[in-house]
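Chain by chain, the residues:
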Amino acid sequence: MPNLPSNTGYWKFDVKNVFNTVTTWTYALPETPLNFVPSQTIFSNNYSNFYILWDFGDGSSMQKSLCANHYYFYPGKYKVTMNLMLSTGEAVLDTFSQEVTIKDFIPNTYAFASSANDMVMNAGEYSPEFKLERFNSLQSYNTESGYNFYLNLSGSKSDYYDKEKFKKEPYSFLLPTHRFVQREIIGDLYSDTIINKLSTNSELLYGKLLDTNYPGRSLTSMVVSASATDPNAFFVGTSGHGALNVVDDTQNDNPSYIFATLDTTNFPDNYTEYYNYPLNDSLPIKNVDSSYITLNAVTYKDPDKLFVTSNGLDGEGFILPSFNIGNNTGGGAGTKYKESPINFVVKMKYDSNYSVKPSNNTLIAELSADEIMDRDNYVELMLVNGAYEPVYALSADSTTMDYTLFKDKRYGFIKGSFIIPETVSLSNQQVALSAKAFIPTNEATRKIVIGTKKEDMQGQFFNIYSSQGINKVAKTNENADMTGILKSYAFQPVINLSPTLWDPFVSTMLGTLSSATNAVGKRIYEKTANFTENNVNIDTCNIFNLFSYAAEYNVRLQDYAANNLLINYPADLSQMVNLFSIKKSLLWGRRLQDRNNFRDRYNMSSETIPSNTEEAIQYYIDGKTTGNNLGAQLGVTSTIQKSENYVVARELYSDTYKLVNTNIEGLNDPYPLSTFNSTLTGWGWGFSLPDGITFGENDDYSNFYQLSDYYQVFRFNNVVPGKYVGNIINWDDEYQTTISLTDSVRLSTTYTPYFLSSFNNTPLVAWDRSGGIVDQNLSYQLAVGLNLLSATS
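Basis of the calculations
- Residues numbered from 1 in each chain as written.
- Predicted model: local features only at pLDDT ≥ 70, side-chain atom pairs only at ≥ 80, totals over all residues.
- Heavy atoms only, no water.
- Buried < 20%, exposed > 50% of the residue type's maximum accessible area, 1.4 Å probe, protein only.
- Helix = DSSP H or I, 4+ residues; strand = E, 2+ residues; numbered from the N terminus.
- Pairing = 2+ DSSP bridges.
- Arc of directions from axis to C-beta.
- Contact = heavy atoms within 4.5 Å.
- Patch = residues over 30% accessible without salt bridge, like charges linked within 9 Å, V, L, I, M, F, W, Y side chains within 5 Å.
- Areas by Shrake-Rupley, 256 points an atom, 1.4 Å probe, with all protein chains shown as cover.
- Salt bridge = Lys/Arg side-chain N within 4 Å of Asp/Glu carboxyl O.
- Axes fitted to C-alpha atoms, helices over the stretch in contact; angles between N-to-C directions.
- pLDDT = per-residue confidence, 0-100.
- Polar contact = N/O pair within 3.5 Å; in protein donor to acceptor, adjacent residues only side chain to side chain.

Would you take a moment to explain the pairing of strand 24 (residues 342-349) for this structure?
Two faces make up the sheet, and in a regular strand the side chains alternate between them. Counting buried residues in strand 24 gives seven out of eight residues, a clear majority hidden from the surface. Bridging between strand 22 (residues 305-309) and strand 24 involves five bridges; their strand directions are antiparallel. Paired with Lys305 across the strands is Lys349, a residue of strand 24. Bridging between strand 24 and strand 29 (residues 413-418) involves six bridges; their strand directions are antiparallel. By the bridge assignment, Val346 is partnered in strand 29 with Ile414.

Here it is in structure tokens:
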């Protein structure tokens, strides 16, 4: 701006608002500009000899005109100068200046809601939700960054919750800290987000010019609030709020203060606008006031219980089951193995399920079986069964404790791992880790007993299987005894009878019938015998071959399966991945359900199997494979239950058998066989009799004994062979341990049809569920591959 002389008093101008009213102030809105009009003195002179140059004082371009109109984007005080210039532009005739004031229609203000002040909360528990409310002018409106507030708790005795610390120490959440949290309910659980900056929502505010005809209109208020739908409305600013909770894990009897400071890093202002500075994070934060509320006290509260998880992530204010030792999202118990470390973290909790971290509770695991009643902060660790009865106490021999983690601030938790030796028998029962302790409170004369509560142990039970694995699965042609096969080829006695050649030398290299499926001998035999299934059949081939097929036919298999399926897995894991990628119907095959085995082809006598179903099943188990559906022969005095559904009729002439219906309408239940009436269609047995011969109550040939000249009637045994055909899994492999229905009965033997559809009481019910046979085999192979098992063979 040129160096202008001071006012001479000859040339003056008026400042008028949008209503043409003389004033020196307005709002920083495009709809409320100021008009600058020279006084009448200028019109009494020859205007052609000069012109007016207006300087608005905000760094904007000067305006050459008789009158000027200008709106200010930023609030503040500005010096407006009217420069009267010669028409040649060589000199300034005169200048006159006035100061104008520009105000925000919506002032930038923010504060915590008054209800949040003077809070008192328990250590470790979330405070009630409180809000920060704000109003902001249109100048700061930014659709990208929004309105965010830095948060700080001054005066806390806990450490600040530092997210960056998790990159170096994943168990940092066990430390006593103070933190700010936003909570969201997802389904039935809270989703907590720890924040160091609070984001607020935005509601756009609108105004409109006050009607000049409005009764009682005041010239001090040119703009009034308006609805967004009002045709005269224009944008004037925003309002919003953000809700949060605060947590402090450490007792504090002194007041502390929660501060909120607006993040103005990316806000435009008149300084950056005037000098055309870029808006970025390298600019210093502009000076703004902070709002605060008082947290009067963080009080101590007695812990109520101990809670056990695998890593200490157990939920705050609710129970988070994701990291229970026995976690299984499919509803069953988790899978663990003997000789494998089982990690645990025991934490003190309130009944409200918030964590407790008082400095007077540094916990110690009691591993010597001593009484803990008079020993403060000692924790007894015990495996319990489904009836919550102790079955195994953790001892120093099998338990490793980590007392070095946060040793100076190890409050309210213990962390360690335990191993169940292979020699320990848990009777195949599910177990859970229970903890119990005597904990001193702030009152030295009183102690409380804390124990894992039964209602909190739901879903914490898990199975601990042998380190040799459980429910193993074997393919067909994997039951080869390569040592035995080679030995059968050795006819020379010096080789065949060698005491050391076959066992342990050859058997160690190639394996025997009881070796694992990936023993060298079994693998060679299986790859040869199953060559077509492994390489050619698209339904059963290995994954590498499946991808090769896809490439050959230009099919993007990546659209259906992840590329990591092609990882070069270790042999045992690869065998599992290839096997379980085949659909279940092909793996299992189908079970024979023929129920027409009436004739014993190996015994031409008329002897039949007893009608008792269990005995019929036993006949199958003992090796008899025909005639099992034919029960005891019925005589004239025999009775039939309608619920039997069928009996078997044998035509003597043709020696053929057929099933006939027993549910005859109009007869009592039970009814004697002698009531048979061949003339009634309701019987529907369809017997072929000589012409003129019938059987019925009023017939000359009603003597039932004569029927035996043509037919014999037997009980029907409703059992099936149950053997699998077309199966890839070899249910009879000695290695295969996916056990049968009951007791020691193998899966491939005979059952009643009830079991065929449901596989009741078998591991097959949960074949591909979480925690089922597929999960058990894969988790076992991972445990072996990661050297988590120390006693595998």
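That was the structure; now back to the text.
Would you take a moment to explain helix 4 (residues 501-510) for this structure?
Count 3.6 residues to each turn of an α-helix, and residues three or four apart come out pointing the same way. Three or more residues of helix 4 are buried, namely Trp502, Val506, Ser507 and Leu510. Buried residues along helix 4 cover an arc of 100 degrees about the axis, so they all sit on one side. Close packing links the buried residues of helix 4 with helix 2 (482-489), helix 3 (493-496) and helix 5 (520-529). Backbone geometry just downstream of helix 4 places Gly511 in the positive-phi region, at approximately 90 degrees.

I would appreciate a short explanation of a nonpolar patch on the surface in the present structure.
Together, Leu782, Leu786 and Leu788 make up an exposed nonpolar region whose accessible area comes to about 290 Å². With respect to the helices and strands, the residue Leu782 is situated in helix 12 (residues 773-785).

Honestly, the sheet that holds strand 3 (residues 34-38) in this entry has me stumped. Any pointers?
Within a sheet, adjacent strands bond to each other through the backbone by hydrogen bonds, running parallel or antiparallel. Pairing within the open sheet is antiparallel, and its three strands lie in the order 1-3-6. If you trace the sheet from one side to the other, it starts and ends with strand 1 (13-16) and strand 6 (68-70), each paired once. The sheet shows a mean angle of 20 degrees between the axes of neighbouring strands, taken without regard to direction. Two strands pair when backbone bridges link them, and strand 3 and strand 6 are joined in this way by three bridges, in the antiparallel orientation. When the sheet's bridge partners are listed, Leu34 is paired in strand 6 with His70.

Which parts of the structure should I look at to understand the sheet that holds strand 20 (residues 256-262)?
Pairing is mixed across the open sheet formed by five strands, whose spatial order is 10-21-20-12-16. Of all the strands in the sheet, just strand 10 (119-122) and strand 16 (197-199) have a single pairing partner and so form its edges. Strand-to-strand twist of the sheet, defined as the mean angle between neighbouring strand axes without regard to direction, takes the value 35 degrees. In the sheet, strand 20 pairs with strand 21 (residues 290-299) via six bridges, with the strands oriented antiparallel. Along strand 21, the bridge assignment pairs Ala260 with Ser291.

Would you mind showing me how to read the confidence of the model for the chain here?
Residues shown with low pLDDT carry predicted positions that ought not to be read at fine detail. Of all residues in the chain, 81% have pLDDT values of 70 or greater, and the mean over the chain is 81. Within the model, the stretch residues 1-10 combines pLDDT values under 50 with 20 contacts to residues more than four positions away or in other chains. Low confidence marks residues 281-285, where pLDDT is under 50. Its contacts with residues over four positions away, or in another chain, come to seven contacts.

I keep staring at the environment of Asn471 and nothing clicks. Help me out?
Summarising the element assignment, Asn471 is placed in the loop between strand 32 (462-465) and helix 2. By relative accessible area, Asn471 is classed as buried at 7%. Engagement of the side chain of Asn471 in a polar contact is seen with the side chain of Gln776, the distance being 2.8 Å.

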